[in-house]
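Analysis of the macromolecular model
The chain contents come next:
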Amino acid sequence: MVYSLDLVTSAKLQPRTALIVLTALNLLNYADRNVLFAVQPLVQDEFHLTKIQIGYLTSAFLAFYMIAAPFVGPLADRYSRKLIIVFGALFWSGLTLLTAVTHTYTELLVRHTLVGIGEATFVTIAPTFVADLFGEGKRGRILGVFYLAIPVGSAAGYLLGGYLAPHYGWRFPFYIAAAPGFVLAIAVLFLNEPQRGQFDSLKGTPERTTVVGLASNASFLTATLGMAAMTFSLGGIQVWMPQFLYSERHYSLEAANLMFGLIIVVDGILAALAGGWLGDYLLRRTKSAYYLVSAASMALGVPAMIVALFAKGQIMIPAIAVAAFFLLLNTAPLNAAVINSVDAHIRATAIAVNIFIIHILGDVPSPTMMGWVADNRSLQAAFILPVIAMVVSSAILFYGMKFAPPVHLDGAAIGAGKT
C-alpha cells in the first residue's frame, strides 16, 4: 500500500519537477540573450559602433539561431530530447562565459552567433517535452508557466546588465548570467523523458504527420505567420526600448533598464498566466480559443503602443506597461496553438520550421531595420515598424480561427466536424 502510494506521488511529482527545471533553464536562456540589450550603449561607446551595427548583433544571433533549429528538430523527433537539451545548455553557458576574452566587435559578434546555435537546441525541443507531460486541456496553462521565462528571464537580463554594467563593466553581468546554466543542465539528466504524444487525441493526417504536409496545414501556417509578425514587433521593442528611454526620453541607463525590466517582468508574469488560463477556459467553448486570445491581445496593444511612443508626460510609462501586457498575453495560447496543430511525432520538427519562419520574418530583420530608420530619421520613428507588425499579426490570427483543430476535453470533442 505504501509502495503504491509512493508510485502515485512520484507520478504526480515528476511532470511538475520537469516543468520547474525546464522553466528555470528557459529563464536563463532569455536572461543570457537580454543582458546584451541592457549594456548596448556601453558596447557602442567602447567599440565606436553605429546603431545598425548594434542591431546587427541581435540579427546575426537570431539568424544562426533559426538556421540551427531545422537541424535540431528532426534529431529531437528521433533521438533523446533530454540529452540534446543538456548538450545545448552546456554549450551556450560556456560560450557566455567567453565574454571575458571578447575585446573586439568581431569577437563579440562571433560569440553571440554561437550562443544562438546553443539556445536553438533548447527552444526547439523543450516545448515538446513539456507538452507531453500534461493533457490537451491544460496546455495553455502549463505553457503559460513555461513561458514565464520569457518576461522573467528578459527582465533579469535587463536588471542584471543595467545594475552591474555601470559599476563593473559591461562584460561582468555575462559571467553571473552564465553560471547557473551548468547546474540546471546537469539537473535535466535526472528527468524522466515522457512518451511522445501520450495525451494527444487526434488521429494523424498528412497535414499533421508529415513535414511536407505543413505547407498545407492552415492551422499551423496561420499560427506561425501571426507569431512571426508578433516576433517582429517584440524583438524590435526589446532591443531598442531601453535605448529609446535613455536617448529620446533622457532616463539614465540604469533607470531605463530598471523601468523597462520591471514592466516586462510584472506584465510578463501576469500576461503569461492570464493568457494561458484564458485560452484553456475558452477552449471549452470554442476550438479557436488560442487564436482568439492571441488575435485580440495584439489588436488591443496597438493603441497603447501608439500612446507610449508619442506621449512624453506621466502617461508614457503606464502606456508602455499596457502595450507590453497585451503583447505578451498571447505567448502561451499562441505556442499552444502551434503545438496542437501537428502530431507529436513531428512536433519538434514543426517547431523548428516555426522558429525558422518567425525569426526570418520577425526579429532577425526588425532590430537592423529599426536601427536603419533610427540612423536616418529618429528612434521614435523606428518604433512605427513594430506597431504595423502588431496590426498584421492580429489580422492573420483572426483569420486563422476557422482553421483551429478540434480538441478532446474530459472525453468530449470540442469543435469536431466544424470548420
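Not measured: the values here are computed from a predicted model.

The rules behind each value
- Residues numbered from 1 in each chain as written.
- Predicted model: local features only at pLDDT ≥ 70, side-chain atom pairs only at ≥ 80, totals over all residues.
- Heavy atoms only, no water.
- Core = buried A, V, L, I, M, F, W, Y, C linked by side-chain atoms within 4.5 Å.
- Buried < 20%, exposed > 50% of the residue type's maximum accessible area, 1.4 Å probe, protein only.
- Helix = DSSP H or I, 4+ residues; strand = E, 2+ residues; numbered from the N terminus.
- Contact = heavy atoms within 4.5 Å.
- 1 Å grid on protein atoms, 1.4 Å probe; cavity = no way out; pocket = protein on both sides within 12 Å on 5 of 7 lines; lining within 4 Å.
- Points joined across faces, edges and corners; volume = space filled by probe spheres on them.
- Nonpolar A, V, L, I, M, F, W, Y, C, P; charged D, E, K, R; others polar.
- Axes fitted to C-alpha atoms, helices over the stretch in contact; angles between N-to-C directions.
- Left-handed = near helix turned anticlockwise from the far one by under 90°.
- Phe/Tyr/Trp six-rings, centres within 6.5 Å; stacked < 30°, edge-to-face > 60°.
- Polar contact = N/O pair within 3.5 Å; in protein donor to acceptor, adjacent residues only side chain to side chain.
- Salt bridge = Lys/Arg side-chain N within 4 Å of Asp/Glu carboxyl O.

1. Thoughts on the nonpolar core
Of all hydrophobic cores here, the largest spans 128 residues; its most connected members are Leu22, Val43, Phe122, Met241, Met305, Ile320 and Phe383. The leading source of residues in this core is helix 1 (residues 2-47), at 14 residues. In this structure valine 43 touches Leu36, Leu49, Ile54, Leu108 and Trp170, once residues within four positions along its chain are discounted.

2. Thoughts on empty space enclosed by the protein
Inspection of every chain in the model, using the stated rule, returns five cavities of 30 Å³ or more. By volume, the largest cavity amounts to about 470 Å³. Contributing elements (two or more residues each) for the lining of the largest cavity: helix 1, helix 2 (51-78), helix 4 (105-131), helix 9 (218-248), helix 13 (331-340) and helix 14 (347-361). Sorting elements by how many residues they give to the lining of the largest cavity places helix 9 first, with seven residues. Tallied by class, the residues present in the lining of the largest cavity amount to 18 nonpolar, nine polar and two charged. Here the second largest cavity defines a volume of roughly 90 Å³. Looking at the second largest cavity, the residues that line it are Leu234, Ile237, Gln238, Met241, Phe260, Ile264, Met305, Ile320, Ala323, Ala324, Leu327 and Leu328. At the level of elements, helix 9, helix 10 (253-283) and helix 12 (316-329) are the ones that each hand at least two residues to the lining of the second largest cavity. No other element matches helix 12, which puts five residues into the lining of the second largest cavity. Residues that form the lining of the second largest cavity fall into these classes: eleven nonpolar, one polar and no charged.

3. Some details on the packing of helix 2 against helix 9
Viewed as axis vectors pointing N to C, helix 2 and helix 9 meet at an angle of 145°, and their least axial separation amounts to 11 Å. The crossing of helix 2 and helix 9 is right-handed. Along its contact with helix 2, which presents Lys51, Ile54, Gly55 and Thr58, the element helix 9 presents Val239, Trp240 and Gln243. Looking at the contact of helix 2 with helix 9, its residues break down into three nonpolar, three polar and one charged.

4. Here's the deal with the packing of aromatic side chains
Taken as a whole and assessed by the stated rule, the structure comprises 13 aromatic pairs. Each ring, one from phenylalanine 47 and one from tryptophan 170, has its centre 6.1 Å from the other, and the planes form 80°; the classification is edge-to-face. Taken together, the positions of phenylalanine 47 in helix 1 and tryptophan 170 in the loop between helix 6 (149-168) and helix 7 (172-188) put the pair 123 residues apart, joining distant regions of the chain. Judged by its relative accessible area of 3%, tryptophan 170 is buried. Taking the centre distance of 6.3 Å and the plane angle of 85° together, the rings of tryptophan 170 and phenylalanine 174 count as edge-to-face. Phenylalanine 174 gets classed as buried once you look at its relative accessible area, which sits at 0%. Ring pairing ties together the aromatic residues Trp92, Phe122, Phe146 and Tyr147, which thus form one cluster.

5. Regarding the side chain of threonine 128
Assignment of secondary structure puts threonine 128 in helix 4. At a separation of 2.7 Å, a polar atom in the side chain of threonine 128 contacts the main-chain carbonyl oxygen of isoleucine 125. Setting aside residues up to four positions removed in sequence, threonine 128 forms contacts with Arg81, Arg347, Ala348 and Ile351.

6. Observations regarding the pattern of salt bridges
Evaluated as defined, the whole model comprises five salt bridges. When the shortest N-O distance is used, the salt bridge between glutamate 193 and arginine 81 registers 3.2 Å. Separated by 112 residues along the polypeptide, glutamate 193 in the loop between helix 7 and helix 8 (206-209) and arginine 81 in helix 3 (residues 81-97) bring together distant segments of the chain. By relative accessible area, glutamate 193 is classed as partly exposed at 30%. The buried category is assigned to arginine 81, whose relative accessible area is 1%. When the shortest N-O distance is used, the salt bridge between aspartate 280 and arginine 141 registers 2.8 Å. Separated by 139 residues along the polypeptide, aspartate 280 in helix 10 and arginine 141 in helix 5 (residues 139-146) bring together distant segments of the chain. For arginine 141, a relative accessible area of 36% translates into the label partly exposed.

7. A closer look at the environment of glycine 162
In this fold, glycine 162 is placed in helix 6. Assessed through its relative accessible area of 2%, glycine 162 is described here as buried. Expressed as a C-alpha distance, the spacing of glycine 162 and glycine 279, which sit 117 residues apart in the sequence, is 34 Å. The contacts of glycine 162, once residues within four sequence positions are left out, are Ala38, Glu254 and Asn257.

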